[in-house]
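# Structural overview for review
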Amino acid sequence: MWVFKAIIVLYLSAALAAQDSEEALPVPRVHLQSQWSEVFPPEQVRLRCDVNGEDWTVIWYRDEQEIQTSDTSVILSEDSRSLTLKAEAQTQSGNYRCKGFHKLNASLSTQDSNALQITVHGQKLTPALSFDGSVQDVFVGESVTFRCGIDVLSSWEYVWYLNGYSVHKSTDAVYTVQSAEEAHNGKYHCKVQRGGVFVSTDSNIVSVKVSDVPRPRVKLESSWSEVIEKEQVLLKCENDGPNWKFTWFRNGEQLTENPNIKFSDDGGAQLIMSSVPKSLEGLYTCRAEHNAKQNIRSGQSEPIKIKIHDTPTPTLSKEPSLSRLYVGETVNFTCAVHVSSGWTYKWYKYNSEIGHTGSTLSIRLGLDNAGKYSCKALRANGTETHSSEKKTQAVDVLPVPSVKLVSRWADVFVNEVVILSCVVSNTEWSFSWLKDGQTLLAHGSFSMARANLYISALRSHTGAYSCKASHKERPVHTEPSQPLDVKVYENTPKPTLSQTEPKYNPMYVGETVEFACSIDVASGWKFKWFKDESEIHSSESHSSYSFQLGLSDGGKYSCKGTRGGQTTTDHSDKISLTVLEKPIPQLKALTPWLDVFPYETVELGCGASSTPSDWTYTWQKDEQPMSRSSNGVSSDSDGATLTIDSAASSHRGQYKCKATLKSRRVITSFSAGFTVNVYDQKPRPILIQDPDYSILFPQEPLSLQCHINISNGWEFVWYKNNKLLQFNQNKYEVTPDTAHSGSYTCEARRGKDHIFTSDLSQAKIVEITKAVPEPVLSQVPAVDKVYVGEQLVLKCNLDVSVDWEYHWYKDEQIIVSNASSIIVNATHPHSEVYKCEAKRRKTHFETKSQPKVIAISAIPTPSVKSVTPWLDAFPGETVLLSCGMKTEASDWLYKWSKDGQPIKYDESVKSDQEGTSLTIISSVSHAGKYSCMAEHRERAVISNYSSGIRLQVYDTKPRVTLVQDPEVKVFHTQDSVFFSCGVNVSSGWEYSWYRNDQILASGPNFTISHLSTSNSGEYKCKAKRGQDVTVFHTDHSWSVTLTVNERPSASILLLTGWSEAFSTDSLTLKCEAKGTNDGDWSFKWFKEGKDIAQNMSKHFVTPQNDPDQSEYTCQGVRTGRPSYTTFSEPLKTKNLLLKRRVLLSISGCLVFGICAVFLGCILLRVFRKPVVDQEKPEEADLFLTMAQLEKNAPNPLAEYITDGDIEDMAKEPTDADENGIICSESTTLPLISKEDEATPSQSNSASGNGEMVSFKH
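Along each chain, the written sequence defines residue order, and numbers are assigned to residues from 1. Local features in this predicted model are restricted to residues of pLDDT 70 or higher, and side-chain atom pairs are both shown and tallied only at a pLDDT of 80 or more, whereas totals for entire chains, interfaces and linings draw on every residue. The side-chain figures draw on all heavy atoms in the structure; neither hydrogens nor water molecules are used.

Here the aromatic set is Phe, Tyr and Trp, taking the six-membered ring for Trp, and pairing holds for ring centres within 6.5 Å; pairs whose planes are under 30 degrees apart are stacked, those over 60 apart are edge-to-face, and all others are tilted. Inspection of the entire model under this criterion finds 34 aromatic pairs. Taken together, Phe131, Phe146, Trp160, Tyr175 and Tyr188 form an aromatic cluster joined through their ring pairs. Across the ring face of Phe198, the terminal group of Lys191 is positioned such that the distance to the ring centre comes to 4.3 Å. Note on geometry: a ring has a charge over it if NZ (lysine) or CZ (arginine) is within 6 Å of the ring centre and within 35 degrees of the ring normal.

This brings us to the state of the cysteines. As used in these notes, a disulfide is a covalent bond between sulfur atoms, one from each of two cysteines. Note on terminology: pairs of cysteine sulfur atoms within 2.5 Å are recorded as disulfides. Under the definition given, this model contains 12 disulfides. Each disulfide pairs two cysteine sulfurs, and for Cys981 the partner residue is Cys1021, the sulfurs being separated by 2.0 Å. Between Cys981 and Cys1021 the disulfide shows an S-S torsion of about 80°. By sign, it is right-handed. Of the two residues, Cys981 sits in strand β94 (residues 977-983) while Cys1021 sits in strand β98 (residues 1017-1025), which places them 40 residues apart along the sequence. Each member of the pair, Cys981 as well as Cys1021, is classed as buried. In DSSP terms, a helix is any run of H or I states spanning at least four residues, a strand is any run of E spanning at least two, and both are numbered starting from the N terminus. Throughout this description, buried means an accessible area under 20% of the type-specific maximum (1.4 Å probe, protein chains only), exposed means over 50%, and partly exposed covers the range between.

Paired strands are those between which DSSP finds at least two bridges. Pairing is antiparallel in the open sheet, where four strands are placed in the order β83-β85-β89-β88. Each edge of the open sheet carries a strand with a single partner, namely β83 (863-866) and β88 (909-911). Within the sheet, the average angular offset between the axes of one strand and its neighbour, ignoring direction, is 20°. Relative to strand β85 (residues 878-884), β83 runs antiparallel, the two sharing four bridges. Considered in β85, the bridge of Ser863 is made with Gly884. To define axes, lines are fitted to C-alpha atoms, for helices over the stretch in contact only, and angles between the resulting N-to-C directions are given on a 0 to 180 degree scale.

Moving on: the pairing of strand β68 (residues 715-720). Direction of pairing for β68 relative to strand β71 (residues 742-750): antiparallel, over a ladder of six bridges. Looking at the pairing, Glu715 lines up with Arg749 of β71. Taken together, the three bridges between β68 and strand β69 (residues 723-725) define a ladder with antiparallel strand orientation. Residue pairing for β69: Trp718 is matched across the bridge by Leu725. With antiparallel pairing between neighbouring strands as the criterion, β68 and β69 make up a hairpin whose turn holds two residues, including Asn721 at a positive phi of roughly 50°.

A separate point is unusual backbone geometry. Glu319 connects to Pro320 through a cis peptide bond whose omega is 0°. Here Pro320 shows up in the loop between β28 (315-319) and β29 (324-326). In this model, Val780 is joined to Pro781 through a cis peptide bond whose omega is -5°. Here Pro781 shows up in the loop between β74 (776-780) and β75 (786-787). Positive phi values are uncommon outside glycine, yet Asn251 reaches one of about 55°. In this structure, Asn251 sits in the loop between β22 (244-250) and β23 (253-254).

The subject of this paragraph is the sheet that holds strand β27 (residues 304-309). Strand order in the open sheet formed by five strands is β20-β27-β26-β22-β23, with mixed pairing between adjacent strands. Each edge of the open sheet is held by one strand with a lone partner, namely β20 (226-228) and β23. Summarising the sheet, β20 and β27 pair through three bridges and their orientation is parallel. Across the sheet, Glu226 pairs through a bridge with Lys307, a residue of β27.

What follows covers a nonpolar patch on the surface. Within this analysis, patches are made of residues with over 30% relative accessible area and no salt bridge. Like charges are joined at 9 Å or less; nonpolar side chains (Val, Leu, Ile, Met, Phe, Trp, Tyr) at 5 Å or less. Computed with the Shrake-Rupley method and a 1.4 Å probe, the accessible areas treat only the protein chains shown as cover for residues. What makes a salt bridge here is a side-chain nitrogen of Lys or Arg within 4 Å of a carboxyl oxygen of Asp or Glu, nothing more. Taken together, the side chains of Phe1158, Leu1159, Ile1162, Leu1163, Val1166 and Phe1167 define a hydrophobic patch exposed on the protein surface, amounting to about 610 Å² of accessible area. By the element assignment, Leu1163 lies in helix α2 (residues 1136-1167). On the basis of relative accessible area, Leu1163 is assigned to the partly exposed category, the value being 41%.

A word on the confidence of the model for the protein. The predictor attaches a confidence to each residue, called pLDDT, with possible values from 0 through 100. Averaged over all residues, the pLDDT of the protein is 83; the fraction at 70 or higher stands at 89%. For this analysis, residues touch if any pair of their heavy atoms sits within 4.5 Å. Long-range and interchain partners of residues 1-23, a stretch whose pLDDT sits below 50, account for 21 contacts in this model, where long-range means more than four residues apart.

Laid out in structure tokens, this is it:
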């Protein structure tokens, strides 16, 4: 029995030894975990050294040189198996390999790993930016292509910049702007990155200028734009730069080639029109299209006008234009064609060509040059006009002038004027004079005017005078005329004055007197007549002078003679004459009045001068002579007195008298007339009341006047209420009280012997009242509040009685008199108290109104407010402004102005009916300062303009900027992304977010905290502001494409195999990243959710660091993207090692037990000797009991196996119940228990050592 037990012990020892001897040294392998082995600053290279087993530490080598841990350019993981190389210098290039050294046996090492070539460039790349075009000036709408060149091939990402701002990212080295705009003007450069890291410097800068397509110009290459039919026209279309082809238009319609129109071969730049017909006249333009650039087309050029004329007829003009000229003059003919230019000319006389080609033909005339002249015009290309009309030129011989005596005498006295005239057949001449053959100059006694010579005669001027003529406008001169003789005398005679009949002195006004003046020498005298040395008359033909005397004609008379206005004689001797005024008879009324009543006597007297006895008198009535005695009228012997004994209606009329001088026929005029009026009936006096008021007030004076407008000499009798008053004057005055009220009448009387009494006058009723009325003061308009600048009309009225005048008081001071109304101008805010006073114009009786208070307020100024919260607007945006008063706003209408000018309303600027709001649909022209003013609805009250509010209008819509953070294109689930949307001008923006054109959210920022694949799509934003009618939308921002991939997942692999269950007391867990090809991962380990290790892909679980057998998870992390994985499924280590070792022990014991039984059976069969049972000795127990094994043999599982574990195992279901499968070491052994609730995961295909697979929870 003990032999069998010994065999078992030996077998177990041999099995363990065999297991150790079968493990060969591992071969490490270097893997590139980053994407590139050729790197640039500041990129990093991540290398991984894989060595089987956890008992190895790793040392790295570059070109056989060990990499020291102090090297700052490398980062080693905690287990040294991962190396991160920071690209800094070219010296870092080389072959990288690793080697493993055993942790427990330093002399034990692995072979060298494979070598991995790493190339490190010491400097960043320098990209070369090239422009895909011949020039860097491009046109609007043209596509622009840039190429960012890099010598090194890799998966680069190119970033493009315009004026320092990123505009595009792409993995393509080519960036194309499909349709250039002015916004694409600027400086472009590019940079290169990969893995989110820039590995290049800025490229060279390429400046691009985007401009509108230049407008071509039409140039006239032929000589004239105005041509004659069948001439040729050449036009050329020019444009800036080469490579253009051209299209031609006439009057806006495109031209095509035809027999008269051809285009040049250089892209149609030249338009050739040969033998042009009239139909080709018009406005010609051209358009340019670029040969090399598609769809680049200019607008049409400015037009050039081609005018096509019929064959013209030249205009022939002549200077001077006279049809007749004199011999020796020069005539100039001008031939002109008023169509086009470039003409030369041919000249003809009587249709015969004259050898001359200029446009002007000049001829100095002789008699043989008379004739008819014409011309033709021609051009260098042979075009010839019609012949002009013919111009006739006649040639005359010069005339001979003659001298004519214009004044009356050629023999004259000193200082007389001799006028000579030079006579020629027409008036086209000017003249010069000669005396005795010598030229005279105009000076002193000689003056010349037109054709006349004026000689102020002196004794020396006697001589022979002649003249010659010069044409006024042309250099033509005649020969001198025949002479005329002039003779000058020295002395003048004295005239004789005589008075013819009558020879009375004195004489009366109206008589006629005659004087005669005579001169015995020469003739042709004119006479002048003088009184008291003053000229009174002149005569050119009569030597006598008669006139009717006036009172002023008395005095001393003389005469003298004159001739020619220069020669004057001395005065004659004087004759004295006295002139008296005819007396005017004086008519006198010898009775007191001349308007009489029947049977009264009237006497009139007439007298003339101081000696009335020298005169006799005659009378007339109504312009008819009267006899001395007839019809009751008589006069005395001289007629000086006229008596009407008994007046009758036939004596009514006007009486006059006149006187006749007894000695000679001198008759006076009639006297002033006296009118005798004989009335038919009694007169009736008129009673006049002053003042003529029907109602009087106490203390007002009363005056009654009895007036009779017929004749005079009256006395008056007064009555009150038909009772006689003791008063006989024509005016009755009292200061009345109520006792003077009543009815008043009067009558008139005259004469002493026979008293004449008139009829009674009309009655005047006078009412006197004690009550004093009060005037009423009213206001127009009747408003309580008056504004500065308004006019008020205050009216005062008193409707009791009449004849009131009104006086006005302001603050108790009189301001206006005699006006029923006044105008109050409200000049400044204040209060005034007005009263009016009614006053009788005649009696000055006065009464005052009640006071009225006028309150004047300042005109309020409206205020402008922006209903729209912002005053910087964009084209098309609606802005609302409001205008209003703080109080009583509904009483006003409002008007708007912009920059001080009234606003003209249209579709873009509107106001409501009251003007309280202004709606502006913005454009650049609407920028400015807006203000408003108010007009009162019912009164002419206008406020000042409000303070302005300035509206700024931008040129274009705002640009919406979308910013993504981080700026990457590919995201992974659980990443977060932040978007911000902004407009860099103005305020008040609200933002909307769109994915694939579907609205997502609103607000300036949009964050997706946990991305999922459903978040992939094209994102953009848009801004708006305002509400209702004022809402304004911007254009969409540029779009950002977001790609969301599934995040790599982490999983835990159990690296401790079944065969290691008896050789180790720890579990090795490995964390792997799935769903990614990158190998540059570091890992974090978590125990029961707490972080326990960093940057290691493996974790060792021992009884020392995990006595509680916890739950483990892991997560991959790195510096690139994605920067982390999802957490792995949790793995529980509780009972896992125990289960493995118990299972291994049971399986081993079964194998060995079977073998031992089989061997024991063989030995027993061979060596067994039958014995008596009773004598059979007790055999020793070959197998040790559990207690013996615990005492005698160390058990490696003792630290893990406890009594509690054994009890738990007893409670666990059998292997069959757990669906457990026991396999060879090369077979995975998934175990499922209710406690662990684990599911098997796939095995690591890379391991060939029968490792057990980890469990996922």
